[in-house]
Structure formats: structure tokens, C-alpha cells
Amino acid sequence: MIRAVLVMNTQGKPRLAKFYECQSVEKQQELIRNVFSVLCSRAENVSNFVDAQSIFGQDARLVYKHYATLYFVFIFDSSENELAMLDLIQVFVETLDKCFRNVCELDVVYNYSKMHTILDEIIFGGQVLETSSTEVIKAIEEISKLEAASNSINLVPKSVSAWRAR
Amino acid sequence: MGSQGGFGQSKEFLDLVKSIGEARSKAEEDRIVLHEIETLKRRIIEPDIPKRKMKEFIIRLVYVEMLGHDASFGYIHAVKMTHDDNLLLKRTGYLAVTLFLNEDHDLIILIVNTIQKDLKSDNYLVVCAALNAVCKLINEETIPAVLPQVIELLGHSKEAVRKKAIMALHRFYQKSPSSVSHLISNFRKRLCDNDPGVMGATLCPLFDLITIDANSYKDLVISFVSILKQVAERRLPKSYDYHQMPAPFIQIKLLKILALLGSGDKQASESMYTVIGDIIRKGDSSSNIGNAILYECICCASSIHPNSKLIEASADVIAKFLKSDSHNLKYMGIDALGRLIKLSSQIAEQHQLAVIDCLEDPDDTLKRKTFELLYKMTKSSNVEVIVDRMIEYMINISDDHYKTYIASRCVELAEQFAPSNQWFIQTMNKVFEHAGDLVNIKVAHNLIRLIAEGFGEDDDAADSQLRSSAVESYLRIIGEPKLPSVFLQVICWVLGEYGTADGKHTASYITGKLCDIAESYSDDETVKAYATSALMKVYAFEIAAGRKVDMLPEFSLTVEINKISFNGHCAFVYALEEHINPCQSLIEELLASHSTDLQQRAYELQALVGLDRQAVESIIPRDASCEDIEVDKNLSFLNGYVQQSLERGAQPYIPEDVRAGMEDMSNFRGQDKHESSQHGLRFEAYELPKAPTPSKVTPVSHASPTDLVPVPETLYSRETHHISSVASASEAGSSGLKLRLDGVQRKWGRPTYSSPTTSNTSDSSSQKPVNGVTQVNGASAVNSKTRDSYGSKKPPVEISPEKQKLAGLLFGGSSQPEKRPSASHKVSKANTNAADRSQESNTAIVSNEVAGEKTNHQPPPDLLDLGEPTVTTAPPSVDPFKQLEGLLDPSLSSTTDYSAGASATTKAPDFMALYGETTTTGISASGGYSIPVSGEVNLLSELSNAAVSSSPGETIVTSSSHPVKGPNAKDSLEKDSLVRQLGVNPSTQNPNLFRDLLGRE
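Every chain is numbered independently, its residues counted from 1 as its sequence is written. Note on labels: chains are lettered from A, ligands numbered from 1, in written order. Note on the predicted model: pLDDT of at least 70 is required for a residue's local features to be given, and 80 or more for side-chain atom pairs to be given and counted; whole-chain, interface and lining totals, by contrast, use all residues.

- Going by the annotation in an unreviewed UniProt entry, the name recorded for chain B is AP-4 complex subunit epsilon, with Senna tora given as the source organism.
- UniProt positions are given in the numbering used here, feature names are shortened, and annotations may be inferred rather than shown by experiment. Chain B has a UniProt comment under Sequence similarities (unreviewed entry) that states "Belongs to the adaptor complexes large subunit family."

- Chain A has the name AP complex subunit sigma in an unreviewed UniProt entry, where Senna tora is given as its organism.
- UniProt's Sequence similarities (unreviewed entry) comment on chain A is quoted here verbatim: "Belongs to the adaptor complexes small subunit family."

Written out as C-alpha cells, the structure is:
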């Protein structure tokens, strides 16, 4: 199963942290710090896999991908395939990109709750739930629509509506 | 747009994010966050907060907690929000509680009710949100409360709900298998769901179940195979395609399941061969996800009953992986090789060069994986090279966890395959020297045991050669600064036991070295204890050999007295040597040590030196560390002694259980003191040792019944005999002389060598030996166990010529299958390298051409490599535009059709523009933006300036970039202006925030 999903920027600031196993707040911070220290010691053009057993315990693997100013990190165990996880990160980012149109760190920062909604559509309770970004977008749109309907506040982010107009 | 903005957050929140983003230090960030917490604390309890505002507060709380600060004061508000009827608020509430609370939190009880209600809701989004919370928050106790609803939802009309219900059930199963064990059949049922998404989700729990018990699911093999077949044949809806692969994640899961089911089951495996073969054959190795499937196929093929065709196909795929430039693929290739090597060891042979390349790769992850592979393929013929490499690597890593791991691997391989004793000892020395205290203490004990026992052959000459080479190497190493404690213990023990054995080194040389150790590592009591005991042994051997011992001047007095008391027995004369001996100061220091253990050892040493030859020989016999000891459990050798004491009016011994029932304990107290001392642990661990002055002359003040003074000579020798056997027992226990400490350690439950205590510790004339003996009795079971383990010698080192040849090939040319020094390895390796390379280069060229062709026909769909230099450095022979069109826009990538030329042309400008934009950010560091932007600066002009200034280098791109920088830059500008509208001024760091994540540059 997937143990955690982390998004942090190149300075080590967490942008999104989701742990699928219960961890205390302090422990989470420690893990984030440790992950970051590993990531920033990695040279460029090396593999995207890191042995994370020293951070997350037995059998933990870590796959990360560096996008512009952000690291996307998935931590998981041996029941997942590393390359597939790498693509799952890509699915996640592509989905974000469609939602926010040319996603950048700023979108990630300001749409904190939406990030979680998207992630929840892709990974559910530590298992990969959906891998088609089109399907995810569909679900997200529907959620936004229904939320908007139940709420006078217009919260459909313009980027989604704009994307649909494309 | 309005002031609310597309981000749906207020200015306050944006300001918070911005100020945190610009905080220069952790302290500053903390200050900002703490201030925010104060604000939230104050405002969140205000009455009549608009709901929308409340929602934002909750989001801000989540944000604060993500930054590592305590937001627990707001948990209750998040819980309240889950009760709200408004969908948006409810979802926000659920999001917050799943992030805030863990399954054992007190507030969960307040949510369970809401969850129950929401699971029944008509709105499927509410149900989904509730299911989401169920996964995270429901614990073993609350499962029954929601279980019926979740089961019901398995038949919900919306597939999204069914999917999540399955996941929730799976989660229940993970948390408490017993509570849902009767519902497991539901997973099987859902496997036949109409919706592929639901079916795919079902594979997760089934995978877990099959991992635990494959046999109960053998009947599903056919179903899984047919599903996999259908998926691979693209029978699923197009929407499940990912990068042109049909439902790759489902395929991977299925392959994993098949690997489990087919493992060790020929019949099941046979039904899988066709489909796996098909998938490998059709496999698309140009995309990342295609490779993921191929890799999974290899895993599956290596796990199920072997099939030569599949293995062959897998080997081909591995070859492709290893030849790839991508580190990821190399990594997968090495991993796959490690799996396949079990089935056919020739495969590694084909890829020796690739493996060696990976070993030398700067990428740490790849290196480690390669070591893993080497570990698997280690044989007696290549162990030297492999272990050398491992140690070399180990020296340079700072990660303790991994260092420990690789050190233990080295030790394991060395123990298993060591070609010679000498090499083994040298290797162990290196491991100890560099990994030091990270090495398990047991390894040290094993090493000691090995040196003591030799390699098991009855070849004394070889054994003693081994020992002297160990001694030599240790004497060399001793000079190194900062040796780890464990290693020093080994050194001390070996020097003490064998330092003077071959006569090359004089006792005073060895003792000098031992004293040096004790002095330079004076904080380490264990080392000091080992050193002291080693000193004692060296002296004992000296005395036993009839040589004189030059020790402390004080001893001369004892010696004189001894001479008098022993009269005829005294066979030699101790000289009163006055020269300064390092031992003198050491022993003096130890005599006054705070550690009772050290004190005791020092006193014992002092006493031992004062004994005569016969006694010393009995106490510490030479080279007896491996002797088995026979323990006289009844202490019959003391019978005569006890008898004597009784005759003299001593109280008879009353066993403890009987004694406990007695009313008047005080009667027995005096006796207890001596008699109960047989239960030595309590007694010894805490009591300071008395200075055991030689009893023959110093009458012991109290008439202890166990006092040895009146023992007649015959009894004395009998006793010492037993003591000596104890001593040898302790040494056999290979923690050697650390006996007393071990006794203490065992009290704390450490399962280390629980060797008998005291034994060697005592002067034969003190009352301790009695203790020692009784304790040995107690520990005899342990002893016999230790002895048992001696029986299990290392497996005989076998060298099959064919394997030797392989190793020769792998690490240095087939011409010389014998072992060579590693230097020549390298030379020959280089030779073969060159040879093989030239041979390979042909194929490489061919494959290059193939690759080239491929790229021409079809842009590489591997979008993961978007930002990598391969794009910009693409050879001009490839049509740049065609290349770009595939790479520019990720939105394109997910649309399954790549041939959309029209859309590509429209996208191209898009990309160009972004190129300009990103360069801006690159430049901003050096100038431009570093001047604080004062609000109304025209960002667009800056952007274009930057783009122009950056253009000259990139001929292809810039030619078109300038005129068409459009939509994307506009996007970020829009975002920028949006932020401005909200009153947040982007300053220094913000340009980075606008950088496009997908790096369209």
C-alpha cells in the first residue's frame, strides 16, 4: 500500500502531506525533514527511487519526482511497482495541471483543500483507486458542481471552468 | 472574478501563505505561524461566524498543522463542521478530521454517528466523503457500527461509491481481520463487477488476501488470467488507457496476484504462460508505464513455476533495461536480474559489464540495488571482489542504518564463503574498523570463536597460523586512532589468549600494548575490562611457562609471603624489578575504579600474579578456551569441606524455599550471608569485592564456613581443578573474560552470551569460587546450548568450476579462473571491458538506429522525461518540431491520440511562450526581480525582456518564441494579477511560485 504522499518545495517547505498510516504531528514533521534531506542530496539525472527503510522502516520505498520548484514524493511498500508509482505521480500532476491550467506552485499552495480532493480521488486509504486523469477530472468537476449547487458561494475555480471551455 | 478570487480564499489566508513562503528562517516561520494560531484561537470561538469564514478557518488550521504546529484547539470545530448540511462544508469538515484525528482520538465518538447517517445519504458525494472518513477514522471497536452500511454500499448504483466501499472494507480487514472475516466473499463477488474501476479496486484486497493464503484462491487463477487477457487485448473502455497502455495499473496488480498464485504451483503456472508471454511480446518498452508492466511480467515469470520461454523473454527485457540510459530502468533491470538469477545463473554473466557499470554509477540507489544483486550472486570464487567492493562502499556512507546493513552483509558473506582464514580475519578487521560499533556484538563473538576454534579441520598448525596472523594484524591495527569498542574487545581477547602463544612477541610487549589500549580508551569500561583480563591471561601464561613476571613492585611483597607459605612448592623466584611498567599505573588506577567490575578484575589480577605455577596453570590453562567443561551440579567436591564445617559447628544449609517459611529470619541472617551466596547474582552484582589477599597468610577475620583457609592441600587442588574448568567454560562462551558483566547484562534481559560468572575471577583462596561454581550450575543449560552451536560449523566451502568461471568472467576475464589479488582483477577487468565493449558497440549502434527511427515516427510518449536535456539536445536529424509536438504540452499526452497534428501546431506556440517565461525565472535570480517589484510594474515587459536576453543560445526555440509568447505567460500573469487584486504583492520569491510544474521548457 501507499504509506504517504508528500509535496514539498525545493526549500523543504511542505506543500501537502498526507499519511495513510497514523503518525503524530511531530513524527510527520520529522519524516518530512528526513525525506527532504535525502532528496536534496540526490544529484540530477539519477534514478527516481530511494531506499527509504531508514526513514520509514521495513520495506519502505520512496519514489520522487522533481517538477520545477516542487518535489512530489510517494512512499509505499513492496506491494507496489516503482515505475508504476512514478507514473502515478505523473497522473497526479497531470490532473493538477488540467485542473489549474499550467499548474504552478502557487496553485498548489492556495488550493490546499482542492489538492486533497484530487488526491483522494486517486489514492484512497493507501490504495490506488483511480489512475485515469480524465476520470479524476470528471469526478472533481462533479464535486465542484454539486458543492456549488449546494452553496451560494461560487467556488468552482475558474481554472476548471476554463479548462472545460477548451 | 471579484475579490473572492479564483482561489476561494481570503486575503488573510493568502497573506499567511505568502509570508510563510518568504520567511527566511525556521524561527521566523514559527513566529508567523504562532501568531496565526493566536488569531485563529481568538476568532474561531467568536459567535455567529459565517459558515464560509468558518470553513476557511478550518483550512487554515489544517495548513498550520501541516507546518508542524499544534492545532488541536480547533479539532472540535472540524468535527462540528462534519455535521453541517451544506455539502461543501461537510466535505471540508471530513477532510479536516481525516487529517487531524487518528483512529484512537477521543473525538471519534462524536463523528461515528454522523458517519452512520451520511453513509445512508442520497447524495453520493456525501457518502463518498463519509467512506473516506471511515477509512481513516474507524477503529476495531467502531467497525461494527458502520459495517452494515458499508456492506450495503457495495451494491450502490454509483460505481464511485462501490469502489470506495470495497476499499473501506479492505481497510477494515487490514485493521481487524476477524471482524470482517465472514464478509470476504464480497471481494470475490465484486471481482465480477460491471465497472472495470470497481473490479480494479477489488484487486487490492484480493492481493492482500492471497498474500496471506494463496491456496484458498487457486480457483480464481482462471478468472484472473482471463481478466488479464481481456485487459491486454484492450477490451476495456478507452478511458482506462494510460499513455496508450490499456489499464496498466490493473495489469500490474493482476500480474502481482498471478505471481503469488503461481508460485510453486505448476498447474496454475501453466495456465498463465500464454498471457504473460503475450504481454511481454506486445510490451511497449518506450514508455515508462510499458516498462513497469514488463518489469512486473519478469517478476511474475520468476516467481511462478519456471518456463524456459518466459525466462528467455524476460532476459531480453532485462537486457533492454540494462542498456537503457535511464537510471530508473537500470534500477529495475538490476532488480529483475536479481530475481531471475535464482532460476538461471547464466543471465548475470551476459550482463556483467552493465552490472559493473551500475556499481560504479554515482547514483546511490542504483549502487545499493547492485550490491543487493551481487550479494545474491556471491560464491566462494568471487566473494573476495564483492566483499572488497562492499567494504569500500561502506567506508563512505554516512547513513548508519544502511551501513549497519551492508556491514552485516559483508560479515555474512565472509563467514559463508571465506576462501582463507587470513582473508577472513583481514575482512573482519576492515569491517570492524570502519563500521565499528554498528556491528552486532554477536559478530564479534563469532569472530572470537572462530579464532579460538579454527576452521574446524583438525589441523592445529593451520589454527595456530590463523591465530598468529590475527595477532599480527591486530598489533598493526592497534596504533590506529579511534577504534570502535567492539573491535577493541576482540583485539584484547585475542592478544590475551594468543598474543604470546607463538613466541614471536614477548609478554612485556603484549602487555604494553594492552595497557596502551586501556589508557587510550579510558572512557570505555568494557574495553578496559577486556584489557585487564587479557593482561591477567598473559601473566598467567608467563607464570605457567616458568618465566618471571615483571609487574608492580608491590607484588614482590606478596610473592615473598607466598614463598614462605608455600615453602616447597615455590619453584621460582620473583625479582623485585623497579622499572616503571605501564601496567603498574593502570592496575593502580583500576584498583580505585568506580566500577566494581574493573576493581574486581584488578584485584584478581593482582592476586593471580602472586600465585604459584601450579595454581595459575589450573586457573587459567593455556589455550583452553574451547575446552568443554563438565559441571558438577551437586557440588560434590565440596562435600568434604561442608562436612568439616558442620563438624566444627556450622549451621546446616537450609534451602531458600524452606527458609522463607521460617519466622525468625534473623537467626539465619548470618548464615544466609554465606549460604545464600550460592544464588550469586544478587550477591555479586551489588557487593563490592573484597581484596582477596592470599589467604594462606592473611587469616580471614570471620570464621566463615566457606572460608578456604583450613582446606587441606588435596581438597584445594581438587577445587582448583573445578575452577579451572569453569574458567575454560567461560572462555568457551566466547564472550571470554567479560563474564561478570554478562551476568549483569543477562539480568536486564539481553540475550547475549550468558556465560557463567566469576570463574576466572577468583583467587582460589577467596570464597568466591563457591559462588562461581554454583552459578555455573545454574547456567549449565545455557552452556550446553553454546556447545551445541559449536557443532554447527560453517558449511564446507565449495567451488564448482563452472561457477568459478562465471565469477572470473564477471569480475576479470575468463582466462584466469583462480583467485588473484584484486589489483590484477581490475586490470583484467579493464581488458575484458574494452573487448566486450567493442563487441557490443555494434549492437549498440543498431539499437540506436532503431531508437532513432522510432522517435521519427512517433514522438516519445515518455512524458516523464519532459524536462530532461534529451529534449533540447535532440540530434538535429530528428525533426525538432515533431519532437516538440509530443513533448510540449502534457495535456496532449493524456489524450490518447498522438497523431493530432493540428492540435500540435496550436500547442507549439504555447510551449515557446512558456520557455520564455521560465527563463525569466532563471534570470530573476541574477538580477531583474531581485529589486522588489513595487506593485504596478509591468510584468509582461519584464518577461519579454528576459526572454529576449535569454534567447541567443537556443536557436531553434527562440526563433519562434518571441513573436508568439502568448497564452501561457498570460496564464501566469492572470494568476499574478489575481493575487495582486487580493492585495498580495509578489516579491522576491514569487516568480518561482509561478513556475510551471510540468516544466514546459
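### A short note on the overall build of chain B
Part 1 of the argument: Numbering goes from the N terminus for both helices and strands, where a helix is a DSSP run of H or I of at least four residues and a strand is a run of E of at least two. What chain B contains, in helices and strands, is 48 helices and two strands.
Part 2 of the argument: In chain B, which comprises 1001 residues, the proportion classed as buried is 45%.
Part 3 of the argument: Residue pairs qualify as contacts under a 7 Å threshold applied to their C-beta atoms, which are placed from the backbone. Within chain B, contacts between residues at least 6 apart in sequence are counted, and of these 69% link residues at least 24 apart. Field definition: a residue is buried when 20 or more other C-beta atoms are found within 10 Å of its C-beta, exposed when 12 or fewer are, and partly exposed for counts in between, with C-beta atoms placed from the backbone.

### A word on the overall build of chain A
Part 1 of the argument: Looking only at helices and strands, chain A has seven helices and seven strands in total.
Part 2 of the argument: Each helix (α) and strand (β) of chain A, taken in turn from the N terminus, gives the series β-β-α-β-α-β-β-α-α-α-β-β-α-α.
Part 3 of the argument: Evaluated residue by residue, chain A yields a buried proportion of 61% over its 166 residues.
Part 4 of the argument: Counted over contacts in chain A with a minimum sequence separation of 6, partners at least 24 positions apart contribute 47%.

### Comments concerning the confidence of the model for chain B
All names here are of chain B.
Part 1 of the argument: Across chain B, pLDDT averages 69, with 60% of residues at or above 70.
Part 2 of the argument: pLDDT measures how confident the predictor is about each residue, on a scale from 0 to 100. The model gives residues 1–6 a pLDDT under 50, and that stretch makes 12 contacts with residues more than four places away or in other chains.
Part 3 of the argument: The low-confidence segment residues 552–580 (pLDDT under 50) makes 34 contacts with residues lying over four places distant or belonging to another chain.
Part 4 of the argument: Reported confidence for the predicted complex is 0.85 by ipTM and 0.63 by pTM.

### Observations concerning the interface of chain A and chain B
Part 1 of the argument: Contacts between the two partners involve 65 residues from chain A and, on the opposite side, 78 residues from chain B.
Part 2 of the argument: Considering each element in turn, the side of chain A that touches chain B owes the most residues, 10 residues, to helix H3 (residues 82–100) of chain A.
Part 3 of the argument: Ten residue types, Ala, Val, Leu, Ile, Met, Phe, Trp, Tyr, Cys and Pro, are classed as nonpolar, four, Asp, Glu, Lys and Arg, as charged, and the remainder, Gly among them, as polar. Split into classes, the residues belonging to the side of chain A that touches chain B amount to 30 nonpolar, 22 polar and 13 charged.

### Re the packing of helix H15 (residues 288–303) of chain B against helix H16 (residues 308–323) of chain B
Residue and element names in this part refer to chain B.
Part 1 of the argument: Closest axis-to-axis distance for the H15/H16 pair is 10 Å, and the angle between their directions is 140°. Here H15 runs over H16; the crossing is left-handed. Between H15 and H16, the contacting residues are Leu294, Ile298, Ala301 and Ser302 on the first element and Leu310, Ile311, Ser314, Val317 and Ile318 on the second.
Part 2 of the argument: Here the contact of H15 with H16 is built from residues that sort into seven nonpolar, two polar and no charged. Note on geometry: axes are C-alpha line fits, over the in-contact stretch for helices, and angles between N-to-C directions span 0 to 180 degrees. With the far helix as reference, a near helix turned anticlockwise by less than a right angle produces a left-handed crossing, and one turned clockwise produces a right-handed crossing.

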